[in-house]
Amino acid sequence: MDPDLRGPRLYRKKSGYYYAIYYHRGTQDQKWVALGTKRERIAEAKMARLITDGHDPFSTKANITIGEAAEKYLESRKKKCTEETVRDLRSFCDLFVAHCGPDTLLRHLTQNVVEDYYFQDRLALATQHGYYRRAKALLNWCAKQGWLDRSYTFELEAPRIPNTRHAYLKKEEFQALNEHLEENTPWLAPVVRVAVGTGIRLRGMQQMRWADVSMQEGHIKVTGKGDHERYVPIFPMVRETLESLNSHTEHVFTTPRRDHIHYHKTSRKFKAAVRALD
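Rules used in this analysis
Residues numbered from 1 in each chain as written. Predicted model: local features only at pLDDT ≥ 70, side-chain atom pairs only at ≥ 80, totals over all residues. Heavy atoms only, no water. Patch = residues over 30% accessible without salt bridge, like charges linked within 9 Å, V, L, I, M, F, W, Y side chains within 5 Å. Areas by Shrake-Rupley, 256 points an atom, 1.4 Å probe, with all protein chains shown as cover. Salt bridge = Lys/Arg side-chain N within 4 Å of Asp/Glu carboxyl O. Lys, Arg positive; Asp, Glu negative; His and termini not counted. Charge placed at Lys NZ, Arg CZ, Asp CG, Glu CD. Helix = DSSP H or I, 4+ residues; strand = E, 2+ residues; numbered from the N terminus. Buried < 20%, exposed > 50% of the residue type's maximum accessible area, 1.4 Å probe, protein only. Axes fitted to C-alpha atoms, helices over the stretch in contact; angles between N-to-C directions. Left-handed = near helix turned anticlockwise from the far one by under 90°. Contact = heavy atoms within 4.5 Å. Nonpolar A, V, L, I, M, F, W, Y, C, P; charged D, E, K, R; others polar. 1 Å grid on protein atoms, 1.4 Å probe; cavity = no way out; pocket = protein on both sides within 12 Å on 5 of 7 lines; lining within 4 Å. Points joined across faces, edges and corners; volume = space filled by probe spheres on them. Pairing = 2+ DSSP bridges. Core = buried A, V, L, I, M, F, W, Y, C linked by side-chain atoms within 4.5 Å. Phe/Tyr/Trp six-rings, centres within 6.5 Å; stacked < 30°, edge-to-face > 60°.

**Comments concerning a positive patch on the surface**
Part 1 of the argument: On the surface, R257, R258, K265, R268 and K269 cluster together to form a positively charged patch.
Part 2 of the argument: Within the secondary structure, K269 is located in helix α11 (residues 263-277).
Part 3 of the argument: Using a relative accessible area of 37% as the deciding quantity, one classes K269 as partly exposed.

**Some words on the packing of helix α7 (residues 171-184) against α11**
Part 1 of the argument: Between α7 and α11, the shortest axis-to-axis distance is 10 Å and the interhelical angle comes to 115°. Like other packed secondary-structure pairs, α7 and α11 cross with a definite hand, here right-handed. For the pair formed by α7 and α11, the contact residues are A176, L177, H180 and L181 on the first element and F270, A273, V274, A276 and L277 on the second.
Part 2 of the argument: Among the residues making up the contact of α7 with α11, the classes are represented as eight nonpolar, one polar and no charged.

**Here we look at the packing of helix α4 (residues 111-118) against helix α5 (residues 125-144)**
Between two packed helices, the angle of one axis relative to the other and the distance separating the axes together describe the packing.
Part 1 of the argument: Viewed as axis vectors pointing N to C, α4 and α5 meet at an angle of 145°, and their least axial separation amounts to 8 Å. Contacts from V114, Y117 and Y118 in α4 reach Q128, Y131, Y132, A135 and L139 in α5.
Part 2 of the argument: When its residues are assigned to classes, the contact of α4 with α5 shows seven nonpolar, one polar and no charged.

**A short note on the layout of surface pockets**
Part 1 of the argument: Looking at the largest pocket, its volume works out to about 1,500 Å³.
Part 2 of the argument: Forming the boundary of the largest pocket are 41 residues, of which R201, L202, R203, G204 and Y263 lie nearest the centre.
Part 3 of the argument: Listing elements by their share of the lining of the largest pocket, those giving two or more residues are α3 (83-100), α8 (189-198), α9 (202-207), β5 (219-223) and α11.
Part 4 of the argument: Classifying every residue of the lining of the largest pocket by side-chain character gives 14 nonpolar, 15 polar and twelve charged.

**Regarding the environment of R107**
Part 1 of the argument: As for its placement among the helices and strands, R107 is situated in the loop between α3 and α4.
Part 2 of the argument: Distance in space between the C-alpha atoms of R107 and W147 is 7.2 Å, their sequence separation being 40 residues.

**Some thoughts on the sheet that holds strand β6 (residues 229-233)**
Part 1 of the argument: Across the sheet, which stays open at both edges, the three strands sit in the order β4-β5-β6 with antiparallel pairing between neighbours. Edge strands, defined here as strands with exactly one partner in the open sheet, are β4 (213-214) and β6.
Part 2 of the argument: Across five bridges, β5 lies against β6 in antiparallel orientation. Bridged to V222 within β6 is R230.

**What about the nonpolar core?**
Nonpolar side chains in soluble globular proteins tend to be buried together.
Part 1 of the argument: Residues F96, L106, V114 and C142 are the most contacted members of the largest nonpolar core, which totals 26 residues.
Part 2 of the argument: Counting residues in each nonpolar core, the second largest holds 24 residues, with V192, V213, I220 and V238 among its members.

**Examining the packing of aromatic side chains**
Part 1 of the argument: If you walk through the whole model with that rule in mind, you get eight aromatic pairs.
Part 2 of the argument: Residues F92 and Y117 carry aromatic rings whose centres are separated by 5.9 Å and whose planes lie at 70° to one another, so their mutual orientation is edge-to-face. Linking F92 in helix α3 with Y117 in helix α4, this pair joins segments that are 25 residues apart in sequence.
Part 3 of the argument: Plain terms: the ring middles of Y117 and Y131 are 5.2 Å apart, the flat faces sit at 10° to each other, and that makes the pair stacked. You can see Y117 sitting in helix α4 and its partner Y131 sitting in helix α5, a full 14 residues away along the chain.

**Topic: the pattern of salt bridges**
Where charged atoms of side chains with opposite charge meet at close range, the side chains can pair.
Part 1 of the argument: Counted under the stated rule, the structure contains eight salt bridges.
Part 2 of the argument: A salt bridge links E71 to R90; the nearest nitrogen and oxygen atoms lie 2.7 Å apart. With E71 in helix α2 (residues 66-78) and R90 in helix α3, this residue pair connects regions lying 19 residues apart in the sequence.
Part 3 of the argument: E71 gets classed as partly exposed once you look at its relative accessible area, which sits at 36%.
Part 4 of the argument: The salt bridge partner of R193 is E182, with a shortest N-O separation of 2.7 Å. A residue pair is termed long-range when its members are at least 10 positions apart, and R193 in helix α8 and E182 in helix α7 qualify at eleven residues.

Below, the structure is given as structure tokens:
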């Protein structure tokens with residue numbers, strides 16, 4: 001162990017959580033190691049284990065930048081997440097790294113900088129909460145690599161959870177929506193009817209192929225996250241809709257210009273139709 005290392009000593013923050021504080025005489029730097037408990041006896045036992053194990057928190061302070069850490073994080077996600085999820089994470093990491101500064105050392109990243117990223121007035125509350133969860137996931141992963149201690153994620157202030165109310169589609173509302181789509185956006189009408197009749201999400205509707213549909217057995221195979229497969233029954237309204245479509249295409253749902261529906265365009269068209277009926 002480094003002879004300039006002093007400590008640890010036990011410290012309790014106002015939040016009630018205990019930390020082990022180390023001090024390095026050579027650099028005159030401090031390192032706080034979160035013990036993850038509010039009970040003094042457990043904190044003392046954990047700190048004693050750190051001493052016994054010869055824990056040196058300064059040895060984990062690799063000179064890795066936030067940009068390098070984000071790239072390594074994305075590489076690790078490629079093995080466990082879908083391509084779509086990785087693309088979303090890439091978009092988040094690019095914005096987060098640009099905010100923090102790509103050449104900023106991870107060990108110099110402060111709590112205020114991270115919170116300033118997701119506490120932005122221009123962001124909706126739900127978006128703030130999504131940014132917070134992703135930032136916390138990234139920093140937790142960095143802590144597991146030994147580049148950061150968990151005091152960052154312990155102390156990060158979470159945005160208030162949005163108070164949303166679920167709105168359920170009534171029968172008369174569905175009929176009005178279907179008539180509006182048949183008249184204005186006919187390619188979207190069958191998409192909505194099958195979605196309502198099966199509960200399949202838009203991503204599943206976009207990826208649905210005729211090979212996944214078994215009219216004889218009366219079910220549709222849906223592949224979700226992690227390649228998890230499930231079978232959804234075909235009810236009369238769904239069967240009638242599917243039988244009205246062109247089964248000679250690869251994908252079940254198509255547009256006049258594409259062999260399959262576009263995720264974001266479909267979402268925008270649906271929202272526009274809903275607004276038109278308000």
